[in-house]
Number of protein chains: 2
Amino acid sequence: MSTTSSIRDVAMKGAGYYSRATTGAKDVIDNATPMVLDAAAALPIPSDGRPVTVADIGCADGGTSLAMIARVLRTLRERAPGVPIQMVYTDLPRNDFSQVFQHIHGLTDVESALLDIPDTYFFASGTSFHQNIFPPNSLHLGFSATASHYISEKPCAISDHVHMVGASGDERAAYEAQGARDWETMLLQRSKELVRGGHLALFNFGIDEEGRYLGNTGGVSMFNIFNELWRDLVDRGVITDDEYRETNFAQCYRTVAQFCAPLNDRSNPVYKAGLRLKHVETRVVRCPFERDFADHRDPDRFAVAYIPTLRSWSEHTFVAGLSADRSPTEKQEIVDRFYDAFEDRVRDNPEGHAMDYVHTYLICEKV
Amino acid sequence: MSTTSSIRDVAMKGAGYYSRATTGAKDVIDNATPMVLDAAAALPIPSDGRPVTVADIGCADGGTSLAMIARVLRTLRERAPGVPIQMVYTDLPRNDFSQVFQHIHGLTDVESALLDIPDTYFFASGTSFHQNIFPPNSLHLGFSATASHYISEKPCAISDHVHMVGASGDERAAYEAQGARDWETMLLQRSKELVRGGHLALFNFGIDEEGRYLGNTGGVSMFNIFNELWRDLVDRGVITDDEYRETNFAQCYRTVAQFCAPLNDRSNPVYKAGLRLKHVETRVVRCPFERDFADHRDPDRFAVAYIPTLRSWSEHTFVAGLSADRSPTEKQEIVDRFYDAFEDRVRDNPEGHAMDYVHTYLICEKV
């Protein structure tokens, strides 16, 4: 989950908080590691002294992918002795890249074996994945997890919800159209950067064949509670109608069909650029906090543990929705009250709450 | 000046403070830009689709070199149309790389034209310049300003001074030996990374032919005042003898002969690796604050403007010298008192104070 501010907030709350709050995101990557290793095994290896280039695109602080990346780089190191490997971490310019390098160099509490891999070079890029990051024909393996749901701009305000999964009509269509444009742009940029035979491993928040998505897998719908509690602050006179309307996640959750369209439609520029779908599947990864609750059955403990993982990636959006006329302190008080209400809700009635992860996993190859 | 904490401190004090405090470091680079452009004009250009790679090694936040780098990249863009250019900013893992990318992307108050240069790609590396940063035979032009005086470790405490320029006997020799080892290591790493015909432009704090060095160009010696005022805090019972002894800059200012030795000695591994000295000179760049004082003649205004530029790079060393038993607040109070004393000294007797920059400029080529 790739917004800088949320990661910084989490990092500032200490390493333990961090590890817990991103535990689920790491599970998603760990569970899918065999897919990335298969892609790494299929890459062409340069024989002219050029490096093999691997990228973690939308890496945030690089912590959740560290173990997986180590396995991929070791696999490549064994496959291609003597060939230099470049590992590039990318995210927006304001991302905490120092934390990325501290993770790589083993200067945090997350164990790193990356520097033990010989002839491997680590870099970062602050260029958005909607733009051109790498020279043409230079990228071998692009990995990206839980990043492409961020769209480049919000197409409109949503009148009756905070997230496009709750929008309808023209508003829903506008978000889906923006999501389609950004997805196509992202794939097109990567298709130019990939070498022939290069692969992409893209694991993204999406809507699965049964209509499930993050925090909406049969129990209580997390985004509906966000919406309900934020709306409740209007009713109580804490925030204004305008603020409610302006609070929207700059995200699009895509269906499997929407993810696959540019890769299957022969008239699409992505298809024409040679990018092909090798594999697609959806998976639900169970919320680690709800899983813990199933064991300990303590509603208070569940509520206290659960809210930070929601807050780590959503807080920025709620703060940003508030009027610029409010002081930072006032904004923080409103948002604290909001998450406290969510915590109370979970404590009073814990059943059904779960931020289960619903991802669509795509493996693509440039032919 | 390449320590993270100092740059962060400066950055946190606001953009105006930042620009003023690093004005002299930018002057050093701006004045020497023709040397870098000459080196860029002499580089071999790849004809097989590989990129031209340029690096700013020990870049800190990248602000002081931004204008120079833009000229270098534009020169290369004109020389080599259609050839991708990679620009890599390097520093230690804890450096503020987000600020580097924000500078590149024009998100600060420093104007950036870097993104207007077509087919140019920006990256960062958090690997120390004493280590291997790039794949072999891949670097075309390495630029480094005001960075290599930082040594990889302090060889000993200095008994009677805070900086090696004031040390003598075995202590002085130990710093010079560490400085020689680190300089040779740095050059050797770069010689492996450079392509044949690749260049280095290295502009470093040093001791010139007349014995001048930073803040010691004929008037009051800045490092002697640092030492005297820090020693005075022992006499006043504010800090301990141990703290005084433990306060040493992890720096070595090298003579011209010391800079040139590995490049001229045919038995040296650097010479054997093919690195050759193309050009060497020393320059004194006048302190911008003393220059302003020569115009306005207001001692108070001089003192207030002058101390932040000293403080921006030296504060970290004085804080680090204090006992771990002291609280952060206590440490800050001691260091505030120390710089206040320096400010009073300048206010009471402003003549002769000047942080003139004394640099040795080297251009090297790998043959």
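Just so you know, these numbers come straight off a predicted model, no measurement behind them. (Residues numbered from 1 in each chain as written. Chains lettered and ligands numbered in written order. Predicted model: local features only at pLDDT ≥ 70, side-chain atom pairs only at ≥ 80, totals over all residues. Heavy atoms only, no water.)

Digging into the overall build of chain A
On a plain count of helices and strands, chain A comes out with 14 helices and 8 strands. In terms of C-alpha radius of gyration, chain A reaches 21 Å, essentially the compact-globule figure of 21 Å for 367 residues. When its C-alpha atoms are laid out on the principal axes, chain A stretches across 65 × 45 × 40 Å. Within the span of chain A, comprising 367 residues, buried residues form 58% of the whole. The long-range share in chain A, meaning contacts at least 24 apart out of those at least 6 apart in sequence, stands at 81%. Each charge class in chain A can be summarised by its mean position, and for the 37 positive and 51 negative side chains these summaries are 6 Å apart. (Helix = DSSP H or I, 4+ residues; strand = E, 2+ residues; numbered from the N terminus. Rg over C-alpha atoms; globule rule 2.2 N^0.38 Å. Buried < 20%, exposed > 50% of the residue type's maximum accessible area, 1.4 Å probe, protein only. Contact = heavy atoms within 4.5 Å. Lys, Arg positive; Asp, Glu negative; His and termini not counted. Charge placed at Lys NZ, Arg CZ, Asp CG, Glu CD.)

Let's talk about the side chain of His149(B)
Residues and elements named next belong to chain B. On the secondary structure map, His149 appears in the loop between β4 (139-145) and α7 (169-193). Residue classification places His149 among the buried positions, given a relative accessible area of 1%. Beyond its immediate stretch of four places on either side in the chain, His149 contacts Asn204, Phe205, Ala250, Gln251, Cys252, Tyr253 and Arg254.

Describing the interface of chain B and chain A
In this assembly, 29 residues from chain B lie in contact with 29 residues from chain A. The junction of chain B with chain A conceals about 2,400 Å² of combined surface from both sides, 58% of it contributed by carbon and sulfur atoms. On inspection of chain B and its partner chain A, the count reaches 2 salt bridges. The partner of Arg50(A) in a salt bridge is Asp48(B), with the nearest N and O atoms 3.8 Å apart. Where chain B touches chain A, the interface holds 9 residue pairs in polar contact (both at pLDDT 80 or more). Residue assignment for the side of chain B that touches chain A shows that the elements contributing at least two residues are β2 (85-90), α6 (97-104) and β3 (120-125) of chain B. The element best represented in the side of chain B that touches chain A is β3(B), accounting for 5 residues. (Buried area = accessible area lost by both parts, 1.4 Å probe. Salt bridge = Lys/Arg side-chain N within 4 Å of Asp/Glu carboxyl O. Polar contact = N/O pair within 3.5 Å; in protein donor to acceptor, adjacent residues only side chain to side chain.)

Details of the relation of the copies chain B and chain A
For the pair chain B and chain A, the best superposition has an RMSD of 0.0 Å and corresponds to a rotation of 180° with a translation of 0.0 Å parallel to the axis. Both copies are brought into coincidence by an operation consistent with a two-fold rotation axis. Scanning chain B for the C-alpha nearest the rotation axis identifies Ala124(B), at a separation of 2.5 Å. (Least-squares fit on C-alpha atoms with pLDDT ≥ 70 in both.)

Section: the packing of aromatic side chains
A full pass over the atoms with the stated rule returns 54 aromatic pairs over all chains. A centroid spacing of 6.2 Å and a plane angle of 65° characterise the contact between Tyr213(A) and Tyr253(A), whose relative ring orientation is edge-to-face. In this pair, Tyr213(A) is assigned in the loop between β5 (194-207) and α8 (222-235) and Tyr253(A) in the loop between α9 (241-246) and β6 (254-255), connecting sequence segments 40 residues apart. A relative accessible area of 9% places Tyr213(A) in the buried class. Look at Tyr253(A) and you get buried, because its relative accessible area is 1%. An angle of 55° between the planes, with centres 5.3 Å apart, marks the rings of Phe226(B) and Phe318(B) as tilted. With Phe226(B) in helix α8 (residues 222-235) and Phe318(B) in helix α13 (residues 299-321), this pair connects stretches of sequence that are 92 residues apart. Each of the two residues, Phe226(B) as well as Phe318(B), counts as buried. One cation-aromatic arrangement involves Arg231(A) over Tyr244(A); the distance from NZ or CZ to the ring centre is 4.6 Å. The positively charged end of Arg283(B) is found above the aromatic ring belonging to Tyr361(B), 5.1 Å away from the centroid. (Phe/Tyr/Trp six-rings, centres within 6.5 Å; stacked < 30°, edge-to-face > 60°. Lys NZ or Arg CZ within 6 Å of the ring centre and 35° of its normal.)

Notes on the packing of helix α12 (residues 288-296) of chain A against helix α13 (residues 299-321) of chain A
All names here are of chain A. In the contact formed by α12 and α13, the axes pass within 9 Å of each other and the chain directions differ by 170°. Our classification of the angle between α12 and α13 gives roughly antiparallel. Taking contact as the criterion, the partners of Phe289, Glu290, Phe293 and His296 in α12 are, on α13, Pro299, Arg301, Phe302, Ala305, Tyr306 and Thr309. In terms of residue class, the contact of α12 with α13 is built from 6 nonpolar, 2 polar and 2 charged. (Axes fitted to C-alpha atoms, helices over the stretch in contact; angles between N-to-C directions. Parallel < 35°, antiparallel > 145°, perpendicular 65-115°, else oblique. Nonpolar A, V, L, I, M, F, W, Y, C, P; charged D, E, K, R; others polar.)

Here's the deal with the environment of Trp230(A)
All names here are of chain A. Inspection of the secondary structure puts Trp230 in helix α8. Expressed as a C-alpha distance, the spacing of Trp230 and Tyr271, which sit 41 residues apart in the sequence, is 42 Å. In contact with Trp230, other than residues within four places in its own chain, are Val162, Ile239, Glu243, Tyr244, Thr247, Phe318, Leu322, Ile334 and Phe338. Polar contacts involving the side chain of Trp230 include one to the side chain of Thr247, which spans 3.0 Å.

Looking at the pairing of strand β8 (residues 357-366) of chain B
Residue and element names in this part refer to chain B. The buried fraction of β8 amounts to 9 of the 10 residues, a majority that puts the element mostly inside the structure. Sheet topology note: the strand β5 (residues 194-207)/β8 ladder contains 7 bridges and is antiparallel. Within β8, the residue paired with Leu202 across the bridge is Leu362. Both strand β7 (residues 275-285) and β8 contribute to a ladder of 10 bridges, which runs antiparallel. (Pairing = 2+ DSSP bridges.)

Digging into unusual backbone geometry
Residue and element names in this part refer to chain A. The phi torsion at Ala60 lies on the positive side, around 50°, for a residue other than glycine. On the basis of relative accessibility, which here comes to 7%, the residue Ala60 falls in the buried class. Here the phi dihedral of Arg297 falls at roughly 60°; this positive angle occurs in a residue that is not glycine. Locating Arg297 in the fold gives a position in the loop between α12 and α13. On the basis of relative accessible area, Arg297 is assigned to the partly exposed category, the value being 46%.

Some words on the pattern of salt bridges
All names here are of chain B. In the structure shown here, the tally under the stated rule is 42 salt bridges over all chains. Here Glu365 makes a salt bridge to Lys278, at a shortest N to O gap of 3.6 Å. On the criterion of sequence distance, the pair formed by Glu365 in strand β8 and Lys278 in strand β7 is long-range, its members being 87 residues apart. Since its relative accessible area comes to 47%, Lys278 is described here as partly exposed.

Points about the nonpolar core
Phe226(A) and Phe226(B) are the most contacted members of the largest nonpolar core, which totals 173 residues. In contact with Phe226(A), not counting residues within four places along its chain, are Val162(A), Leu310(A), Trp313(A), Ser314(A), Phe318(A), Phe338(A), Tyr339(A) and Phe342(A). Among the nonpolar cores identified, the runner-up in size contains 48 residues, and Tyr121(A), Met186(B), Leu200(B) and Leu275(B) belong to it. (Core = buried A, V, L, I, M, F, W, Y, C linked by side-chain atoms within 4.5 Å.)

A few points about the packing of α8(B) against helix α14 (residues 328-348) of chain B
Residues and elements named next belong to chain B. α14 packs onto α8 with a crossing angle of 130° between their chain directions and a minimal axis gap of 10 Å. By the criterion of interaxial angle, the relationship of α8 to α14 is oblique. As α8 packs across α14, the resulting crossing turns out to be right-handed. Residues Met222, Ile225, Phe226, Glu228, Leu229, Trp230 and Leu233 of α8 form the contact with α14, whose own contacting residues are Ile334, Arg337, Phe338, Tyr339, Ala341, Phe342 and Arg345. Of the residues belonging to the contact of α8 with α14, the class tally is 11 nonpolar, no polar and 3 charged. (Left-handed = near helix turned anticlockwise from the far one by under 90°.)

Focus on the pairing of strand β1 (residues 52-57) of chain A
Residue and element names in this part refer to chain A. Counting buried positions along β1 gives 6 out of 6 residues, so the element sits mostly inside the fold. Burial of the side chains of β1 extends over both faces: Val52, Val54 and Asp56 are buried on one face and Thr53, Ala55 and Ile57 on the other. Judged from the 6 bridges that link them, β1 and strand β2 (residues 85-90) form a sheet pairing that is parallel. Counterpart to Ile57 in the pairing with β2 is Thr90. With 3 bridges connecting them, β1 and strand β4 (residues 139-145) associate as parallel partners.

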